[in-house]
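# Topology and contacts: notes
Here are the chains, one letter per residue:
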Amino acid sequence: MSAKAYRDPAGRVVELGEELGAGGEGSVFAVRGRRALCAKIYRPDRAEGRERKLRVMLERRPSWLLRRALAWPVALLTEAEGRAAFAGFLMPLQRGAIEVHRCLVPDERMQIAGWLTQRDLCVLAARLARLVDGVHRAGHCVGDLKPQNILVSPLSGRVALVDADSFQIRDPAAGQVHGCPVLTPEYTAPELCGADPGRAARTPASDAFALAVLIHQLLLGGAHPFEGELAPGGAGGAERIPARIRLGLCPFVPGVTGVRAAAGAIPFATLHPGLQALFIRCFGPGHGAPAERPGAAAWRAALLRAKREMVRCARSPAHLHDKALPRCPWCERRERTGIDLFPAEQRFQRAIARVRDPAAAPEAERIRWLGLHARGRLRDGALSAAERAWLDRAGAGLGLDRGAVARVVKEAAGRATEVGVGGRATEVGVGRRATEVGVGGRARAWLPRGRVVFTSVASIAAAGACAAGVLVTSRLLATPGASPMPRPQPCAVLAQRATIGHTGGTGAYLRAAPSTGSDRLPLPDGTALRLTGRTRIAEQLAWAEVEVVASGRVGWVATLYLVQEAPR
């Protein structure tokens, strides 16, 4: 098909470039000389009957689609020779975008866009809801809303809907509806289960059901809302998701007893209360009464509110969660499973995301990237078995064998050894900036600069503050078999001035007391501070009392967010 010549409505010849994808109806090609567009060319047996629908789409496109939010037709294409028969259409090219399913599953999301936080996923869901609402306001329905038809750009956060020519399109002038010819069972509303896809009329309510499923998957680690473990004696024949949708077996809907949430699932209670209410309304009362389901506009409003009411965990700048939760759910999950769903310090992946084929990059560059992955995972001082398996997969994705991965991980971890207190000198290798001090006479340290020889815990503090430029004490850890000290003390603070940093650009909080639950005041990165010299250990964190230079306000800051000036 690409060898043929085509013309647009102005009579200009359209030259096709490389094939970008193919399906049952035709293929999509790049357009030479027009980087912002691509062309879909139908197979000859599928082109007939599509022209009228596409002309209606050109006449009734929502105005905001000028921002390329949809792969909506821009112009029809005809064959350049012969009878100039209809052949396909031009549409915006979604350059740099990936299918949303690659962001649904945490394991893959962390390898391709590990800088995304729960707040970012909430924003992506809100943008998807906005697109669906725009389609509905134009009088149309998506019809087959599923991950394969949703593209996201992790770098910009842009969301797009593709396969727009399969939407259900209403033509009010002719009193005709051009239907959607396909259904995906896992995203099909109960009233459409078992229906003939080509004849089933879609509604905004049926789109709303699929939208709710996708939002649930985006925010809860890819889990489908009808997943779960069947209760003993539960409904027979409900092993598969489509059957559970038909029967209404959603585990978090009150009164449903036939299925319960999977043991390893992210708890439903992790979500903002407003989102929980919408999910229950959609899959509970809305199961049998489509009019009860929240529409796309309601989802967008609730998601934006949930985004505004998220707070940042004091232990990791990448952990954002609903402010009503008593404890960070991502820290809790990391402790239980051994893997962090939102690892900190993953901004370096933005550079990898701009590379078309990372596995084809020079080996030295791929090794450097994997080393950054490993150092992000070593933030807590050690790798769990799950994190080590994750690094093996990340290395394989970069074209590195297991031996190379092992060497990179070893180099990133350094030769961290125990440091005896009381005069014995020990070497500590290169690693992370956080220092872990064991209560009762032993300590471990990971410092960002070269090899250092220490004679005591105090010398660790000195080396960290002077050579590394950071307050090295982040938390105290009990050493097995050691008797705890009556009053554990943090490492000494040597500098008198500091700034806020190490937060990924999001800033930290000035607390009224050394506690994550106390009153807080946002402090952006670079805020100048004076250290009073008072320190505390609370909630497994080291805290320092500081004075904000600009305002004179005094409060407490978790020391892992302090970048100190070297003492004069």
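Residues numbered from 1 in each chain as written. Predicted model: local features only at pLDDT ≥ 70, side-chain atom pairs only at ≥ 80, totals over all residues. Heavy atoms only, no water.

## Examining the overall build of the chain
- For the chain, the count of helices and strands is 16 helices and 29 strands.
- Per-residue burial for the chain yields a buried fraction of 51% across its 568 residues.
- Sequence-distant contacts, at least 24 apart, represent 60% of the contacts inside the chain between residues at least 6 apart.
- For the chain, the accessible surface area stands at approximately 25500 Å², while carbon and sulfur atoms represent 52% of it. (Helix = DSSP H or I, 4+ residues; strand = E, 2+ residues; numbered from the N terminus. Buried < 20%, exposed > 50% of the residue type's maximum accessible area, 1.4 Å probe, protein only. Contact = heavy atoms within 4.5 Å. Areas by Shrake-Rupley, 256 points an atom, 1.4 Å probe, with all protein chains shown as cover.)

## A word on the packing of aromatic side chains
- Tallying each qualifying case throughout the model produces 13 aromatic pairs.
- Relative to Phe-279, the ring of Phe-252 lies with its centre 6.3 Å away and its plane at 70 degrees, an arrangement referred to as edge-to-face. Here Phe-279 lies in helix α8 (residues 273–283) and Phe-252 lies in the loop between α7 (241–247) and β14 (259–260), a separation of 27 residues in the sequence.
- Here Phe-252 falls in the buried class, since its relative accessible area comes to 15%.
- By relative accessible area, Phe-279 is classed as buried at 0%.
- Look at Phe-279 and Trp-299: their rings are 4.7 Å apart centre to centre, the planes differ by 55 degrees, and that puts the pair in the tilted class. Separated by 20 residues along the polypeptide, Phe-279 in helix α8 and Trp-299 in helix α10 (residues 296–308) bring together distant segments of the chain.
- By way of ring pairs, the aromatic residues Phe-209, Phe-226, Phe-252, Phe-268, Phe-279, Phe-283 and Trp-299 are connected into one cluster. (Phe/Tyr/Trp six-rings, centres within 6.5 Å; stacked < 30°, edge-to-face > 60°.)

## Topic: the nonpolar core
- Phe-279 and Phe-283 are the most contacted members of the largest nonpolar core, which has 84 residues in total.
- Per-element tally for this core: the top contributor is helix α5 (residues 118–137), with ten residues. (Core = buried A, V, L, I, M, F, W, Y, C linked by side-chain atoms within 4.5 Å.)

## Observations concerning the sheet that holds strand β7 (residues 86–92)
- Ordered in space as β2-β1-β6-β7-β5-β4-β3, the seven strands form an open sheet in which the pairing is antiparallel. Because the sheet does not close on itself, it has two edges, and the strands there are β2 (13–14) and β3 (16–22).
- Bridge count for strand β1 (residues 6–7) against strand β6 (residues 75–79) is two bridges, and the pairing is antiparallel. Directly across from Tyr-6, in β6, lies its bridge partner Glu-79. (Pairing = 2+ DSSP bridges.)

## A look at the sheet that holds strand β9 (residues 150–153)
- Across the sheet, three strands lie side by side as β8-β9-β10; this open sheet has antiparallel pairing. Both edges of this open sheet fall to β8 (98–99) and β10 (158–161), since each of them pairs with a single strand only.
- Examined bridge by bridge, β9 and β10 share four bridges and lie antiparallel to one another. Within the sheet, the bridge partner assigned to Ile-150 lies in β10 and is Leu-161.

## Here we look at helix α2 (residues 51–59)
- The complete set of buried residues in α2 reads Lys-53, Leu-54, Val-56 and Met-57. Projection of α2 onto a plane perpendicular to its axis shows the buried side chains occupying an angular sector of 155 degrees, all on one side.
- Against β5 (37–42), β6, β7, β11 (169–171) and β12 (176–178) lie the buried residues of α2. (Arc of directions from axis to C-beta.)

## A closer look at the pairing of strand β26 (residues 528–538)
- Relative to β26, strand β23 (residues 497–500) runs antiparallel, the two being bridged by three bridges. From the neighbouring strand, Arg-497 faces β26, where its bridge partner is Arg-530.
- Of the pairings in the sheet, the one linking β26 to strand β27 (residues 541–548) comprises seven bridges and is antiparallel in character. Each residue of the ladder has a partner; that of Leu-531, found in β27, is Val-546.

## Structural notes on the side chain of His-136
- Mapping His-136 onto the fold places it in helix α5.
- Filtering out sequence-adjacent residues up to four positions away, His-136 remains in contact with Cys-141, Pro-204 and Asp-207.

## A word on the side chain of Lys-40
- Positionally, Lys-40 belongs in strand β5.
- Looking at Lys-40, its side chain comes within polar contact range of the side chain of Glu-25, at 3.4 Å.
- At a separation of 3.0 Å, a polar atom in the side chain of Lys-40 contacts the side chain of Asp-165.
- Not counting chain neighbours up to four residues away, the residues in contact with Lys-40 comprise Glu-25, Ser-27, Val-28, Ala-87, Gly-88, Phe-89, Met-91, Asp-163 and Asp-165. (Polar contact = N/O pair within 3.5 Å; in protein donor to acceptor, adjacent residues only side chain to side chain.)

## Describing the pattern of salt bridges
- The final tally for this structure, using the stated rule, is 26 salt bridges.
- For Asp-392, the salt bridge is made with Arg-388, and the minimal N-O distance between the two is 3.7 Å. Of the two residues, Asp-392 and Arg-388 both sit in helix α14 (residues 385–397), four residues apart, roughly one turn of that helix.
- Asp-392 gets classed as buried once you look at its relative accessible area, which sits at 16%.
- Assessed through its relative accessible area of 30%, Arg-388 is described here as partly exposed.
- The residue Glu-545 makes a salt bridge to Arg-534 at a minimum N-O spacing of 3.1 Å. Of this pair, Glu-545 sits in strand β27 while Arg-534 sits in strand β26, and the two are eleven residues apart along the sequence.
- Residue Arg-534 is classed as partly exposed on the basis of its relative accessible area, which comes to 41%. (Salt bridge = Lys/Arg side-chain N within 4 Å of Asp/Glu carboxyl O.)

## What about the packing of helix α4 (residues 106–113) against α14?
- Contact geometry of α4 with α14 gives a least axis separation of 11 Å together with a crossing angle of 55 degrees. Viewed along their axes, α4 and α14 adopt a mutual orientation that is oblique. Between α4 and α14 lies a crossing whose hand is right-handed. The segment α4 lies against α14, with Asp-107, Met-110 and Gln-111 engaging Trp-390, Arg-393 and Ala-394. (Axes fitted to C-alpha atoms, helices over the stretch in contact; angles between N-to-C directions. Parallel < 35°, antiparallel > 145°, perpendicular 65-115°, else oblique. Left-handed = near helix turned anticlockwise from the far one by under 90°.)

## Some words on unusual backbone geometry
- Phi is positive for Asp-163, which is not a glycine, with a value near 60 degrees.
- Along the chain, Asp-163 falls in the loop between β10 and β11.
- Residue classification places Asp-163 among the partly exposed positions, given a relative accessible area of 26%.

Function cannot be inferred from these measures alone, as they are strictly geometric.
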